[in-house]
Amino acid sequence: MRPKIKKDSIKETSPKSSRPTQSRKATQTALLSHNTLSEKSAPHNVNKALAGSSKQLSAESQLTFDHSHFLQQLAQWFSTAQRDLPWREPENAHDPYRILVSEVMLQQTTVTAVGPFYRRFLARFPTVQSLAAAPLNEVLTYWAGLGYYQRARNLHACAQAVVAKHGGVFPRNLEAVLALPGIGRYTAGAVTSIAFDAPTPIVDANVARVFSRLFCLEGDLKAPASQRRLWQEAENLIGHCTGAAKHNADCRPSVINPALMELGALICTPRQPQCPFCPVETFCAARAAGRENELPHATPKPAVIELQDVCAFAARCGADGQEEILLRQRPHDAKIWWRGMWELPRTTLQPGESSQDALHRLLHDELGIEGSIGNHLKTLQHGVTHHSITLDCWAVEVSDNTELGGANEPSPAQWHNWDELSQLAIPSTMRRLLTWLKSHPVPNEQLSLL
Ligand code: SF4
């Protein structure tokens with residue numbers, strides 16, 4: 001079984017658990033698992049059909065989906081069950097810029113992990129103007145540890161566009177928001193619905209899972225047809241907010257969209273959904289059919305690609321007596337990971353190449369410096385998207401009078417003392433390696449020539 005790769009993490013990978021499957025009564029499945037979309041037939045309010053403790057569906061039940069009732073049940077549950085999260089605090093909850101920051105950070109990253117980064121980021125960039133005015137390198141520094149750094153670049157570009165094109169006032173119009181750099185349909189829907197109560201739909205992984213069970217959706221949820229169906233359901237539901245709000249002020253888009261996501265995060269979880277505690281259990285086709293543990297179907301994952309990388313750790317005594325280490329900035333313009341960020345000089349082994357050969361290529365051909373390879377210092381295992389990377393760090397000795405910068409090297413290496421590292425945008429795995437190296441000084445004998 002292939003390991004599940006965690007982005008930019010040096011933790012050991014863990015085997016993927018198989019999703020438990022179980023099925024209830026075939027008659028219920030036959031009754032409820034059809035996959036049509038019309039409001040008349042697809043969603044099922046089985047409230048009246050659930051009788052006694054078994055809550056089994058009767059064939060005579062009226063299979064209609066009462067959107068207003070659904071919204072009220074969901075909103076009522078959310079009012080008491082929602083978690084206290086930084087982006088729900090009063091000063092953040094309806095500020096479109098702060099909502100945008102949280103939504104971008106939460107893409108690909110867990111709520112628990114995002115919290116401290118969110119607070120630190122907003123303490124430094126409290127407004128869209130402050131983010132727009134900051135240098136990208138500083139933004140990346142504050143993003144380091146969250147991974148997927150393209151999100152930070154997009155957020156920075158988006159802030160600059162809001163300032164340049166909208167005078168620093170976040171646009172309320174969905175099309176105008178979608179025209180901002182790096183803003184997709186989900187993010188635009190989240191910002192406009194939560195900040196401005198616009199009836200804009202959202203579909204993230206949580207909402208997709210909830211809908212797949214509510215409506216018994218078959219197949220790969222990432223497939224285009226499934227995506228169309230999910231967005232159609234989301235649009236249909238949020239479109240009923242206005243009507244429902246006449247009777248219940250909490251049934252607003254700024255409540256319903258977060259409530260749907262919260263339902264997926266807390267109750268309708270990927271494994272073993274907590275159906276007896278679900279506020280919309282009686283609307284759920286998968287629950288009625290006994291298929292809540294079966295849906296959604298697992299999305300095929302791309303094959304894991306194994307990479308072997310080496311990096312060079314070179315240190316010297318600087319002019320001021322402080323120890324300096326050799327770092328290189330990755331190119332800005334290439335379509336590579338960690339664009340524009342700093343690292344120990346690093347390369348990926350080519351087919352048939354040994355670590356020593358790769359280090360010689362790195363030092364001589366790429367950096368244009370004369371260096372001597374010493375001992376192996378450390379191995380880290382980490383993942384980026386579906387790549388599993390083994391990174392070996394080697395001690396390297398570079399003579400003090402070596403001129404840095406090779407003819408073919410777009411971003412030459414530079415010497416930096418340890419204090420300067422806090423000002424540089426460094427990928428989290430590399431920063432952990434540097435932290436380890438700082439606390440494990442390399443003995444001189446390890447720098448001796450091989
Ligand atoms: S009843 Fe169960 S499967 Fe259906 S939406 Fe609620 S938690 Fe999810």
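**Side note on the site of the ligand**
- Close to the ligand lie 15 residues, the nearest being Cys-268, Cys-275, Cys-278, Cys-284 and Glu-292.
- Among the elements of the structure, helix H11 (205-214) and helix H15 (285-289) are those that each provide at least two residues to the shell around the ligand.
- The biggest single contributor to the shell around the ligand is H11, with 3 residues.

**Quick look at the sheet that holds strand S3 (residues 305-313)**
- In space, the 4 strands of this open sheet follow the order S7-S3-S9-S8, with mixed pairing throughout. Strand pairing shows two members of the sheet lacking a second neighbour, strand S7 (346-348) and strand S8 (371-384), which therefore form its edges. Taking each pair of neighbouring strands and ignoring which way they run, the sheet shows an average axis angle of 20°.
- As paired elements, S3 and strand S9 (residues 387-398) share 9 bridges and run parallel to each other.

**Section: the packing of helix H4 (residues 96-106) against helix H10 (residues 185-196)**
- Contact pair H4 / H10: the axes reach a minimum separation of 9 Å and the direction vectors enclose 140°. As far as their axial angle goes, H10 and H4 are oblique. Handedness of the H4/H10 crossing: right-handed. Contact with H4, carried on its side by Pro-96, Ile-99, Leu-100, Glu-103 and Val-104, involves Thr-187, Ala-190, Val-191, Ile-194 and Ala-195 of H10 and no other residues of that element.
- Here the contact of H4 with H10 is composed, by residue class, of 8 nonpolar, 1 polar and 1 charged.

**Overview of the confidence of the model for the protein**
- Model confidence for the protein is summarised by a mean pLDDT of 83, while 80% of its residues fall at 70 or above.
- Contacts for the low-pLDDT stretch residues 1-62, under 50 throughout, to residues beyond four places or in other chains number 116 contacts.
- Under a pLDDT of 50 for its full length, residues 445-450 has, in the predicted model, 10 contacts with residues more than four places off or in other chains.

Conventions used here
Residues numbered from 1 in each chain as written. Predicted model: local features only at pLDDT ≥ 70, side-chain atom pairs only at ≥ 80, totals over all residues. Near = placed C-beta within 6 Å. Helix = DSSP H or I, 4+ residues; strand = E, 2+ residues; numbered from the N terminus. Pairing = 2+ DSSP bridges. Axes fitted to C-alpha atoms, helices over the stretch in contact; angles between N-to-C directions. Parallel < 35°, antiparallel > 145°, perpendicular 65-115°, else oblique. Left-handed = near helix turned anticlockwise from the far one by under 90°. Contact = placed C-beta atoms within 7 Å. Nonpolar A, V, L, I, M, F, W, Y, C, P; charged D, E, K, R; others polar. pLDDT = per-residue confidence, 0-100.

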